[in-house]
Structures are given as C-alpha cells and as structure tokens.
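A closer look at the structure
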Amino acid sequence: MKLARIALTATAVIAFATAAAAQQKNLRVGLSEDPDVLDPVLSRTGIASSILMSVCDTLLNWDPQRNVVPGLAESWSWAPDNLSLTLNLRKGVVFHDGTPFNAEAVKVNLDRARLLPESARKADIAQVKNVVVKDPYTVVLELTSPAVPLLTALTDRIGFILSPKAIAENGLNVGRNPVCTGPYKFVERVAQDRVVVERFPGYWDKDKYFLDRITFRIIVDASVRLANLQSGDIDILERLEPGDLKRLQSDPKLRVVKIDTGGYFSMVVNTSTTEPAGKTILGQDARAREALDWAIDRKAINDVVYDGQFIVGNQPAPPGSDRKSTRLNSSHGY
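Keep in mind that this is a model prediction, so the values were computed, not measured.

Assigned secondary structure in the chain consists of eleven helices and 14 strands. When the 334 residues of the chain are sorted by exposure, 45% land in the buried category. Contacts in the chain between residues at least 24 apart in sequence constitute 63% of all its contacts with a sequence separation of at least 6. Counting only carbon and sulfur atoms, one obtains 53% of the accessible surface of the chain, whose full area is about 16800 Å².

Overall, antiparallel pairing links the four strands, which are arranged β5-β6-β8-β7 in an open sheet. Whereas interior strands pair on both sides, the edge strands pair on one side only; in this sheet they are β5 (73–78) and β7 (128–135). For this sheet the average axis-to-axis angle between neighbouring strands, irrespective of direction, equals 20°. Bridging between β5 and strand β6 (residues 84–89) involves five bridges; their strand directions are antiparallel. The residue of β6 that forms the bridge with A73 is L89.

Of all the positions in helix α9 (residues 286–295), only A288, R289 and D293 are classed as buried. One side of α9 carries all its buried residues, which in axial view fall inside an arc of 140°. In α9, the exposed positions angled more than 90 degrees off the buried face are occupied by R287, W294 and A295. Between the side-chain oxygen at the start of α9 and the backbone nitrogen of R287 there is a gap of 2.9 Å, and the oxygen is on D285.

Another aspect to go through is the packing of aromatic side chains. Applying the stated criterion across every chain yields a total of five aromatic pairs. Centroid distance Y184 to Y209: 6.1 Å. Interplanar angle 90°. Geometry classified as edge-to-face. Residue Y184 is located in strand β9 (residues 184–190), and its partner Y209 is located in the loop between β10 (194–199) and β11 (213–218); the two are separated by 25 residues in the primary sequence. Residue class for Y209 comes out partly exposed when judged on its relative accessible area of 31%. Taking the centre distance of 5.3 Å and the plane angle of 50° together, the rings of Y203 and W204 count as tilted. For W204, a relative accessible area of 31% puts it in the partly exposed group. One aromatic cluster is present, formed by Y184, Y203, W204 and Y209 through successive ring pairs.

We now examine unusual backbone geometry. The phi dihedral of N82 falls on the positive side, at around 60°, and the residue is not glycine. Structurally, the position occupied by N82 is in the loop between β5 and β6. For D307, which is not a glycine, the phi torsion comes out positive at approximately 55°. If you trace the backbone, D307 turns up in the loop between α10 (298–305) and β14 (311–313).

Put simply, D297 is the residue that caps the front of α10, since its side-chain oxygen is 3.3 Å from the backbone nitrogen of K299. Directly after α10, the chain includes D307, whose backbone phi takes a positive value near 55°.

Mapped onto the elements, N270 comes out in the loop between β13 (254–269) and α8 (281–284). Here N270 falls in the buried class, since its relative accessible area comes to 14%. Among the polar contacts made by the side chain of N270, one reaches the main-chain amide nitrogen of S272 at a distance of 2.9 Å. A distance of 2.9 Å separates polar atoms of two side chains, one belonging to N270 and the other to E275.

Attention shifts here to the side chain of H96. Within the secondary structure layout, H96 lies in the loop between β6 and α3 (103–115). One polar contact links the side chain of H96 to the main-chain carbonyl oxygen of G182, over a distance of 2.9 Å. Among residues more than four places away in sequence, those in contact with H96 are V55, V179, C180, T181, G182, Y184, K185 and F200.

Let us now look at a nonpolar patch on the surface. A cluster of nonpolar side chains, contributed by I301, V304 and V305, occupies part of the molecular surface with about 280 Å² of accessible area. Position of V304 among the secondary structure elements: in helix α10. Take V304: its relative accessible area is 71%, and that puts it in the exposed class.

Opposite charge on two side chains permits pairing when their charged atoms draw close. The final tally for this structure, using the stated rule, is 18 salt bridges. With its nearest N and O atoms 3.4 Å apart, the salt bridge here joins R239 to E33. Taken together, the residues span a long stretch of sequence, with R239 in the loop between β12 (236–238) and α7 (245–249) and E33 in the loop between β2 (26–31) and α2 (46–55) at a distance of 206 residues. The salt bridge involving K208 is made with D205; its shortest N-O contact spans 3.4 Å. Salt bridges here are not isolated pairs; linked through shared partners, they connect E33, E238 and R239.

What counts and how
- Residues numbered from 1 in each chain as written.
- Predicted model: local features only at pLDDT ≥ 70, side-chain atom pairs only at ≥ 80, totals over all residues.
- Heavy atoms only, no water.
- Helix = DSSP H or I, 4+ residues; strand = E, 2+ residues; numbered from the N terminus.
- Buried < 20%, exposed > 50% of the residue type's maximum accessible area, 1.4 Å probe, protein only.
- Contact = heavy atoms within 4.5 Å.
- Areas by Shrake-Rupley, 256 points an atom, 1.4 Å probe, with all protein chains shown as cover.
- Pairing = 2+ DSSP bridges.
- Axes fitted to C-alpha atoms, helices over the stretch in contact; angles between N-to-C directions.
- Arc of directions from axis to C-beta.
- Polar contact = N/O pair within 3.5 Å; in protein donor to acceptor, adjacent residues only side chain to side chain.
- Phe/Tyr/Trp six-rings, centres within 6.5 Å; stacked < 30°, edge-to-face > 60°.
- Patch = residues over 30% accessible without salt bridge, like charges linked within 9 Å, V, L, I, M, F, W, Y side chains within 5 Å.
- Salt bridge = Lys/Arg side-chain N within 4 Å of Asp/Glu carboxyl O.

See below:
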C-alpha cells in the first residue's frame, strides 16, 4: 500500500461548559461513537484508546512537545548495537485488583500483543523477537533489527498494561472489565450508551487527579451531542462539528479549545502488484497518482467541508513539529 501525498491535519476541538466543569467532580463527556472492545490488544478504534487512557497507564508517555517521557517505565536504554531495549520499571505500582505491577506483568502483556492469534497489535511490535525478564523491575526487549519507532509504540496501545491475573481469568473477554494501573478504574459499560470509570485510591500518582468519576456518554448524532452540551447534560463535547465552532465561541457559558494534533485525513492508494485492487492505472502508474495529488484543492476542501478549521498540508505532521517529533510520530495511526 502507498500513501498518496494528500492530507488535512486535524485540529482537535473540544468544547466544555465552564461553570459545570469547574464546580463538580463527576465529569460527563460526550463521545461521538461507541468504542469497540476495551482491550488494547484487540481494539481497532481510537475512541477505545481514549477511554483506556483513563484506566490504564502506558509504559512510556509523551509530553506536549512530543518528547517521549517516563510512564510505567521510569527510564530506558538502547544496547550499543540497538538490537535490544531495556526498560527500568516503576516500583510500588499496583493494578486495580491488587496485583503488583512488575516485569512479569509487562512480559505477559507484550507477549500477548505479539503472539495472541487475535491480536491487532502484531505490526506495532513486529520487531520484538523476545521479551526477557532480567529482574523483578527490569525488562529487556530483544529486537530483530533497530526499531526507534518502538518508543512511540510503547506510549500507545502496546504500552497499556493489563493485570496478568485478569488476563488469566478472562482471556479474550478481559476487555469487558479492563483491569489496569491507571488513575481511574472501570465501573461499567452499557453498549451504545455509556462507559463509567471512578478514581482509584491506590494510584501511585493520585495527587494529580481530582475527579471522582468520569462518565463517557455515547452520543453519535452531532446535533444531539451539541444540544446536550448547551443544556448542561454533559460537560465536555468531543469532536465538535467545524460548522458549529463560531456559534459556540460566542456563547459565554461555553469554552472552546483548539489543539493541533497528529491526526489527519488521507487518501491511501493500493499499489500492490498481486492484489486485484492494486492492478489499476492509479495503482501502477506513479504519474497518475501525481496527477491526482495535484488535482486536489486542499484549501477548497478545508474551507467548504471543514469551515477552514483544519490545517492544509501534504503530510501527517502539523507545522511546528521538529524532525525528532515527526519521526517518533510516524508509527502512530489507527
């Protein structure tokens, strides 16, 4: 598959009711779609990851400048030949079921991501040939070849660490009640309606989290989602329609936040020589793809379809991303 140079970089737009959000500790978030399974290894939707970020810690994180920073792994180092990555794990962390977090738990999760037949994460961890427990809080990832994007992958779904006890007891059904080490623990899920999490008192960094409960409400229709925000039935709205932005910016009861992200809309062209879908002029002739690229008026699409709210470009990385950030971000995608 070949990615044509056609992209609009997304601007994340979140609107929230200022008074309600400031006064209460039970946050209600309106989501635009129902997540699939809440299992980082089996999930294929970005919205599931958004919810799991409240429930699960990742091995590594990244800061607002897109630098990789510590998470459940306090530090890391590459071997001189770059064929292994050593993770030094945080001590004193427990899962929501009381199981201690340690190197064995990391091995169980990473082996599950790379070896489980049903895993949707195999491509993310393909260069890891073995996961070695060096001691209770040190894990070594042995690689088939150097893999710098692996650091970024560990900030995402293969970096979410589930309780090995929960995995052993529930197998492929562990996503029905995900048990992690995050600041909030899973309470309930009602399909097409809501997902509820509440604060975990045993969290290792609990002083940074003040909300008692978060309810993710599934409101697919954009107009209904907006009406719920305006009426005060939800506190934060995810995925605001660009055409509604200017109207909400003039509402004193609401606040709109815009953040340039690594998300983007793209057109992907199949260039396979073996698959029927790739055996087309567009798939086999680079000149046809270049002509398509030049024919697309990105500014017109942005102005007409997205009310001028997105960034017009020809690559996923938004302006302001340095070379390091762009390289690390290259492994992200849903």
